[in-house]
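Observations on the three-dimensional arrangement
One-letter residues, chain by chain:
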Amino acid sequence: MMNRLSNTELPQPAPRSSEPSQLAVEILERLKYRIGKDPKVAKPHDWLTAAILVARDRITDKWMDSTRKTYSTGAKRVYYMSLEFLIGRMMRDAMTNLGLMDEMRDALASLGVDIDVIAALEPDAALGNGGLGRLAACFMESMATVDVPAYGYGIRYMHGLFRQQMADGWQVELPETWLAHGNPWEFERRECSYEIGYGGSVETVNIDEEVQRYVWKPAERVIATAFDTPAVGWRATRVNTLRLWAAQPIDPILLDAFNAGDHIGALRESNKAESLTRVLYPADATPAGQELRLRQEYFFSSASLQDILRRHLQQYPDFTSLPDAVAIQLNDTHPAVSVAELVRLLSDVHGLDFEQSWDIARRTFSYTNHTLLPEALESWPVPLFERLLPRHMQIVYAINAKILIEARRVRYATDEAIRNISLIDETGERRVRMGNLAFVGSHSINGVSALHTELMKETVFADLHALYPDRINNKTNGITPRRWLMQCNPDLFGLIREAIGDEFIDNTEALQALDAFADNADFQERFAAVKRANKVRLAKLIQANLGIRLDPSAMFDIQIKRIHEYKRQLLNLIEAVALYDQIRSHPELDWVPRVKLFAGKAAPSYHNAKLIIKLANDIARVINNDPAVRGLLKVVFIPNYNVSLAEVMVPAADLSEQISTAGMEASGTGNMKFALNGALTIGTLDGANVEMRDWVGEENIQIFGMTAEDVGKARAEGHNPRAIIENSRELSQALSAIASGVFSPDDRNRFSGLVDGLYNHDWFMVAADFEAYAKAQREIDQLWTKPAAWYSKAVRNTARMGWFSSDRTIRQYAGEIWRAG
Ligand SMILES: *Cc1c(COP(=O)(O)O)cnc(C)c1O
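The residue count restarts for each chain, going from 1 along the sequence in the order it is written. Per-residue local features of the predicted model are confined to residues with pLDDT of at least 70, and side-chain atom pairs are confined, for both listing and counting, to 80 or more; whole-chain, interface and lining totals are unaffected and use all residues. Calculation of side-chain values draws on the structure's entire complement of heavy atoms; hydrogens and water are dropped beforehand.

Brief notes about the UniProt feature "modified residue: N6-(pyridoxal phosphate)lysine" (unreviewed entry) in the protein
Where we set the bar: UniProt positions are given in the numbering used here, feature names are shortened, and annotations may be inferred rather than shown by experiment. Put simply, DSSP H or I for four residues or longer makes a helix, DSSP E for two residues or longer makes a strand, and each gets a number counted from the N terminus. When accessible area is computed with a 1.4 Å probe and restricted to protein chains, residues below 20% of their type maximum are described as buried, those above 50% as exposed, and intermediate ones as partly exposed. Whether two residues are in contact is decided by their heavy atoms, any of which lying within 4.5 Å being enough.
Following the UniProt record, one finds the feature "modified residue: N6-(pyridoxal phosphate)lysine" (unreviewed entry) at Lys-673. Inspection of the secondary structure assignment puts Lys-673 in helix H26 (residues 670-676). For Lys-673, a relative accessible area of 7% gives the class buried. With residues up to four places along the chain from it excluded, the contact list for Lys-673 reads Arg-134, Ile-479, Trp-484 and Val-650.

The structure is reproduced here in structure tokens:
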């Protein structure tokens, strides 16, 4: 009868102390009783687990407080559904946000353990591909920070994104085993599980003479089991829950098979269920035509919605109140099947009529679009969708019929507009358009930067926007300043604090006060010293891992992000080749020493992206070993880009490369991390770069190249890359060096296809933007020779980036979309 007691009647433990001596006692306790180790034989990993468990107890106290507060205030709950959470390491983040970092450091030191050593052992939770997943992770932290009661819902992939290794300069993908040592952060909730069905048929049953109900009889079922990880906000204001689902077989069936002697069959079933959540599907792998991926999307959508509805009924009599009590944010279209699933659950399972279910769904969901790339807009072949989700197919058709009737009522809806609005793409093989489903099923559709949002209205969703002109809005992305300044750059954080006091710690926009120090010689010197120390730290890591020695007084020019043609690592590499050529031809000139650093993973099936990685490594080998360069230029590709590597590279950058083809990068968040840490940006007017220019001032950012409008025009009217290349001596020389095998003597034609693409269509405007880019780089060189001018700009970047905090983004979502918090 314990659960009948209210908390006040239960014996209350004394508040936990954060005295290092007390922490040390608790660490030893966990080591002994939870891990079963004597301190004398404990391995570094054991100390890590023990330290995490001690922090976790304190987090759990706050977690329960937060949950109680949500229940007692009846606050609106926000559910953030995302197929990806690119979390990275959790320990430093959790401990700093708890205010326990220094005490924990001392406690461990008193036991002879270096916290930095064990922190480096924590696996990097890479349950995401790139920016979209990292945004979800920053949002989890910011939702807790600004006190929004929120759950993140996703998948607990046994293997996250692959580990990237280099073999002779080629990318090799290895499985990431982040759970190999267990995961002390998570709580498995065996009791919190739901059945998820696939396939089968739909039957109709007569409830009474007038009412018919649809009943889906799935042919296959798996169980989704919850694993909860606490998400700690800054100053532990609130602790929210990240609930990740793992797939398990339905036991009774297995037992039956097992008992009947079919041991292999039982195992096969079990493996089949578990394979559902085994790996993160590499999302950038162009046409994601994988049935497994659709299964994953439905799996986590259905489990999350069942969970949300169960929780709602604990507090409310029925679902009419759902849109007032709950806001569900769809992070891209991966959870878009949720729109049909919620309608199904409300009507088929809970007995509401279709109209009411549809109305509730529309008022509950909102959707974030992350890409305009046609190949990345999700759609599923109708036969596949129908076979896996027959009832959802019917619901999609029913929704489509309603929408198309609405659309036809609008005077200006042409046949073409109707075709574009339809949830079914009828050109060629019929496909279900997940973007359209998410759009019509949501009351708010947002882009992730001002430019991206405008382009969304003009391109992918032009006709839907004409039909529902009030739905599209902008929420420019942000980054959490805790992970991306306070934790990754403690020296800069300390310096800022000394200069302007503590206000910026809770209100990032107060960084503005640093503007007053931008031209202060003494401050600049200290700012430069911090940058240098961060560069030394990175240089040591590179020396240790790759054996390449770097001069920390050279300009560190960094491009780290997924490898993709639109992000244009190729433009940067071609410029490196041109510069190499110049340095060799003009040894008499004063070249600015530069280190061009690259890191990033390519989708395993993306041929050109993998070739670009190989090109980077081939160019690096030649340039780094050419004595004629006299160390003035180095090129380094660092393998296995992830959050932890970003945390070391971002603070060490002098120059940040944000050079995507204009109109193609929805926002970018890497751009924000660098500028906040005092790097200058060389970039195009793309994504959030546009707003960064507005904030930092155009004199403090190096913008170059074609605008989105220019690119659209060049593509529509046709442009002549061959003529552009032939008109530029620098460019044609660099390209012929690459194409003729100067960097690939073992396979002279290795890169000829890549270069041919530039001559023949240059879809990504690499040739078209080259001259402007090279010129901008020489201007950057000029600036580098004047440290006072350089650092005055660098300081202003840090000072003026406060608006790009994800706390600001979340406040906008909460106020304008969720009406929560
Ligand atoms: C920030 C971040 C990204 C996103 O980088 P962009 O430059 O915006 O594409 C991707 N991966 C990791 C590990 C990150 O930290």
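After presenting the structure, the write-up continues.
Considering the nonpolar core
The test is simple: In this text, buried Ala, Val, Leu, Ile, Met, Phe, Trp, Tyr and Cys residues form a nonpolar core when linked through side-chain atoms within 4.5 Å.
Membership of the largest hydrophobic core comes to 272 residues, with the highest contact counts inside it found for Phe-299 and Leu-597. Look past the residues within four positions of Phe-299 in its chain and what remains in contact with it is Ile-155, Ile-196, Tyr-198, Val-222, Ile-223, Ala-224, Trp-245, Ala-246, Ala-247, Leu-276 and Thr-277.

Concerning the packing of aromatic side chains
The condition that has to hold: Two aromatic rings from Phe, Tyr or Trp, using only the six-membered ring of Trp, form a pair when their centres are within 6.5 Å; if the ring planes differ by under 30 degrees the pair is stacked, by over 60 it is edge-to-face, and anything between is tilted. A positively charged side chain is recorded as over a ring if its NZ (Lys) or CZ (Arg) lies within 6 Å of the ring centre. The angle to the ring normal must also be within 35 degrees.
In this structure the tally under the stated criterion is 23 aromatic pairs. Ring geometry for Tyr-79 versus Tyr-153: centroids 5.6 Å apart, planes at 25°, classification stacked. Remark: Tyr-153 occurs in strand S4 (residues 150-155) and Tyr-79 occurs in strand S1 (residues 77-81); sequence separation between them is 74 residues. In this structure, Tyr-79 and Tyr-153 share a single accessibility class: buried. A ring pair is formed by Tyr-367 and Phe-461, whose centres lie 6.3 Å apart and whose planes are at 75°; its orientation type is edge-to-face. Of this pair, Tyr-367 sits in strand S13 (residues 365-368) while Phe-461 is found in the loop between helix H17 (450-458) and helix H18 (462-467), placing the two residues 94 residues apart along the sequence. Neither residue differs from the other here; Tyr-367 and Phe-461 are each classed as buried. Members of the aromatic cluster, each reached through a chain of ring pairs, are Tyr-79, Tyr-151, Tyr-153, Tyr-194 and Trp-245. The ring of Tyr-198 carries the charged tip of Arg-295 above its face, separated from the ring centre by 4.7 Å. The cationic tip of Lys-673 hangs over the ring face of Trp-484; the distance from NZ or CZ to the ring centre is 4.3 Å.

Some points on the sheet that holds strand S16 (residues 431-433)
Quick note on the threshold: Only strands that DSSP links by at least two bridges are regarded as paired with each other.
The strand order across the open sheet built from 3 strands is S14-S16-S15, with neighbouring strands paired in antiparallel fashion. Each of the sheet's edge strands pairs with one partner strand only, and the pair in question is strand S14 (379-381) and strand S15 (424-425). Bridging between S15 and S16 involves 2 bridges; their strand directions are antiparallel. Pairing of Asp-425 across the sheet is with Arg-431, part of S16.

Description of helix H6 (residues 131-145)
Stated formally: Multiplying one less than the number of residues by 1.5 Å gives the expected span of a helix.
For H6, which comprises 15 residues, the first-to-last C-alpha distance of 21 Å matches the rise-based estimate of 21 Å (1.5 Å per residue) to within 8%. Within H6, 14 of the 15 residues are buried, which leaves it mostly tucked inside the rest of the structure. Following H6 by one or two positions, Asp-147 adopts a phi angle in the positive range, close to 65°.

Some details on the site of the ligand
The condition is simple: Only a single heavy atom is needed: when it lies within 4 Å of a molecule or strand, its residue is near that molecule or strand. We define a polar contact as two N or O atoms separated by no more than 3.5 Å, with the added condition that, inside protein, one atom must be a possible hydrogen donor and the other a possible acceptor, whereas residues neighbouring each other in sequence contribute only through side-chain atom pairs. Surface accessibility in these figures is a Shrake-Rupley result with a 1.4 Å probe; residues are shielded only by whichever protein chains are displayed.
Contacts to the ligand come from 16 residues, most closely from Lys-561, Lys-567, Thr-669, Gly-670 and Lys-673. In the model, an oxygen atom of the ligand is placed 2.7 Å from a nitrogen or oxygen of the Lys-561 side chain. Within the contact set of the ligand, an oxygen atom lies 2.6 Å away from a side-chain nitrogen or oxygen of Lys-673. In isolation the ligand offers 390 Å² of accessible surface; the protein chains occlude 96% of this area. Those elements giving two or more residues to the shell around the ligand turn out to be H6, helix H25 (643-649) and H26.

Here we look at a nonpolar patch on the surface
Heads up, the rule is: Grouping into patches uses exposed residues only, defined as over 30% relative accessible area, and leaves out salt-bridged ones; the cut-off is 9 Å for like charges and 5 Å for nonpolar side chains (Val, Leu, Ile, Met, Phe, Trp, Tyr). Basic side-chain nitrogens of Lys or Arg form a salt bridge, by our definition, when they fall within 4 Å of a carboxyl oxygen of Asp or Glu.
Together, Val-205, Ile-207 and Val-211 give the surface a local cluster of nonpolar side chains, amounting to about 220 Å² of exposed area. In this structure, Val-211 sits in the loop between strand S8 (201-206) and strand S9 (212-217).

Looking at the side chain of Glu-647
Topologically, Glu-647 is positioned in helix H25. For Glu-647, a relative accessible area of 16% gives the class buried. Non-local contacts of Glu-647, meaning those with residues more than four positions away in its chain, are made with Arg-483, Trp-484, Cys-488 and Arg-537.

Points about the confidence of the model for the protein
We count it as follows: As a per-residue measure, pLDDT reflects the predictor's confidence and takes values from 0 up to 100.
For the protein, per-residue confidence averages 95 on the pLDDT scale, and 97% of positions sit at 70 or higher. For the protein, per-element mean pLDDT is lowest for helix H7 (residues 251-259), which scores 63, and highest for strand S22 (residues 655-658), which scores 99.

A word on the sheet that holds S22
Keep this limit in mind: Under this scheme, a helix contributes an axis fitted over its contacting stretch, all axes are lines through C-alpha atoms, and angles between N-to-C directions fall in the 0 to 180 degree range.
Here 6 strands make up an open sheet; going across it, the order is S21-S20-S19-S22-S23-S24 and the pairing parallel. The open sheet has two edge strands, strand S21 (633-637) and strand S24 (702-703), and neither has a second partner. On top of the sheet, helix H23 (residues 569-585) reaches strand S19 (555-560), strand S20 (594-599), S21 and S22; it is set at about 155° to S20, its chief contact.

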